[in-house]
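A closer look at the structure
Here's the letter readout for the chains.
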Amino acid sequence: MRRLTLALPALAFLATAAWAGPVEDREALMKERGQTIGALSKVAKGETPFDAAAVLAQLQALQANAEKTDIDVLWAADAKGNTGTSPESSPKIWEDMAGFKAEEEKYEAAVAAAVTAAPADAAALGAVLGPIGKECGACHETYRVAKN
Amino acid sequence: MARRRVLGVLIVLAVAAAAAGWFLSAPQRLDAGELAALGEGDAARGERIFWAGGCASCHSAPKSEGEARLELGGGAPLVTPFGSFVPPNISPDPADGIGGWSKEDFANAMLRGVAPDGSHLYPAFPYPSYVRMKPSDIGDLYAFMRTLPQVSGKAAPNDIGFPFNIRRGLGLWKLLFLDPAPVIALEEAAGAEVAAGQYLVEGPGHCGECHTPRTLFGAGGSDKSRWLAGAPAAVGDGRVPNITPAKLTWSAAEIASYLKDGFTPEFDTAGGEMVNVVKNIGHLSDEDRTAIAAYLKAVPARE
């Protein structure tokens, strides 16, 4: 029985991972970014104790997430639909794919810089998180729509 | 004979209606007493009003950061179903901006929606909210804006279709929709913090211009029975969210924090026009942001 309760969520997870389309995948990747940055941000604000190794691991997770974010697949021409959850990809992405990709590159550069910096205390972490957060907002300003 | 008399009466009535319309749509300027209340103007105090008023969102170049947000040479057009409204140059440049405007000219624009030449301004410029501002804040804002860099170059003209291109008609719009009274009747017991937040939200912050639906199929004023309950975006796609307690369930501290750095409690970020709003409100004090949050928790919940 115990084995079953463990296996069921694992199966469910595998099913989602295997069958999810680009729309679900990109939403999952974006959600993961938010959660990781959220956890890091608590450390920068002093709400969670600073642990250099854990912080670096999370910054590396952010970088791995960025590497998985393949725009050509996740925002392919036939992936314009949305799951209907708020908020969602704006049609402007497909009207200006080059501009969208440029925003993502700026975000990835900010993440890479944070990993290289390997912050040694909360203040240093705050200094590398600032530019990352700014890029989140810069892209959402143009390429995301809210559906209340 | 009878037919001629009917025609004559009709002409008289039409002329009378036109005269009444002309009379009613005349620009209403501030009177001497109101102008005296503008005071001397203090640029240091005016900076706070500048950020609260969000001038840079529309009047600086799109996506401006830092010092560039103080260069008010005009911004991206607001493309709406009524036409394209181009935010003009409001830098102190004497030829292309508003450097030639007196404090009284500025106050008539902010509090009455009237340009120095006597024409009506379109309410794409959010004077229906600014009309609730204290005259002394207008005087301070004028003093601050005189200190900003002069930017040369006039913005392009508006591109608005008939009949909205007849500015005189805005006089009638103002009679119906321009109202300096507070939107929400707060109990005295609500306290000073909520009242301070009310002033910032309903006045300079002009939050209701986007977060409240409009009457007359979007052409009217704010529908006060649906105050801050969310509305179709006037510019671009999607909806502007409901920020009454019915939908905005964040704590006051979370709202204040979001207005400072743009991160939601789930560490999502502000999007769309709200990115600009955070860039402005982020300049205010924690006290001002806390007051805004307290007011948002106090407004009536609307589904």
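Residues numbered from 1 in each chain as written. Chains lettered and ligands numbered in written order. Predicted model: local features only at pLDDT ≥ 70, side-chain atom pairs only at ≥ 80, totals over all residues. Heavy atoms only, no water.

**Points about the domain arrangement of chain B**
All names here are of chain B. Along its sequence, chain B is carved into domain 1 (32-177) and domain 2 (188-298). For domain 1 versus domain 2, the distance between C-alpha centres works out to 21 Å. Facing 26 residues of domain 1, the contacting portion of domain 2 comprises 27 residues. Counting the surface lost from both domain 1 and domain 2, the interface buries some 2,200 Å², and carbon and sulfur atoms represent 55% of this. Taken as a group, Trp51, Ala52 and Arg132 account for 26% of the area that domain 1 buries against domain 2, more than any other trio of residues on that side. (Domains from an automatic or database assignment. Contact = heavy atoms within 4.5 Å. Buried area = accessible area lost by both parts, 1.4 Å probe.)

**Details of the packing of helix H2 (residues 22-44) of chain A against helix H3 (residues 52-68) of chain A**
All names here are of chain A. Axis separation between H2 and H3 bottoms out at 10 Å; the angle between their running directions is 160°. By the angle class used here, H2 and H3 are roughly antiparallel. Our pair here, H2 against H3, has a crossing hand that is left-handed. Facing Leu29, Glu32, Arg33, Thr36, Ile37, Ala39, Leu40 and Val43 of H2, the residues of H3 in contact are Val55, Gln58, Leu59, Leu62, Asn65, Ala66 and Lys68. Classifying every residue of the contact of H2 with H3 by side-chain character gives nine nonpolar, three polar and three charged. (Axes fitted to C-alpha atoms, helices over the stretch in contact; angles between N-to-C directions. Helix = DSSP H or I, 4+ residues; strand = E, 2+ residues; numbered from the N terminus. Parallel < 35°, antiparallel > 145°, perpendicular 65-115°, else oblique. Left-handed = near helix turned anticlockwise from the far one by under 90°. Nonpolar A, V, L, I, M, F, W, Y, C, P; charged D, E, K, R; others polar.)

**Remarks on the interface of chain A and chain B**
The interface is formed by 22 residues belonging to chain A together with 21 residues belonging to chain B. Note on chain A versus chain B: buried area summed over both sides is about 1,600 Å², and carbon and sulfur give 51% of it. Our enumeration of links across chain A and chain B arrives at two salt bridges. In this structure, Asp268 of chain B engages Arg144 of chain A in a salt bridge whose closest nitrogen and oxygen atoms are separated by 2.8 Å. The tally of links between chain A and chain B comes to six residue pairs in polar contact (both at pLDDT 80 or more). Breaking the side of chain A that touches chain B down by element, the ones donating at least two residues are H2, helix H7 (122-143) and strand S2 (144-145) of chain A. Sort the elements by how many residues they give to the side of chain A that touches chain B and H7 of chain A lands first, with eight residues. Looking at the side of chain A that touches chain B residue by residue, the class counts come to seven nonpolar, nine polar and six charged. (Salt bridge = Lys/Arg side-chain N within 4 Å of Asp/Glu carboxyl O. Polar contact = N/O pair within 3.5 Å; in protein donor to acceptor, adjacent residues only side chain to side chain.)

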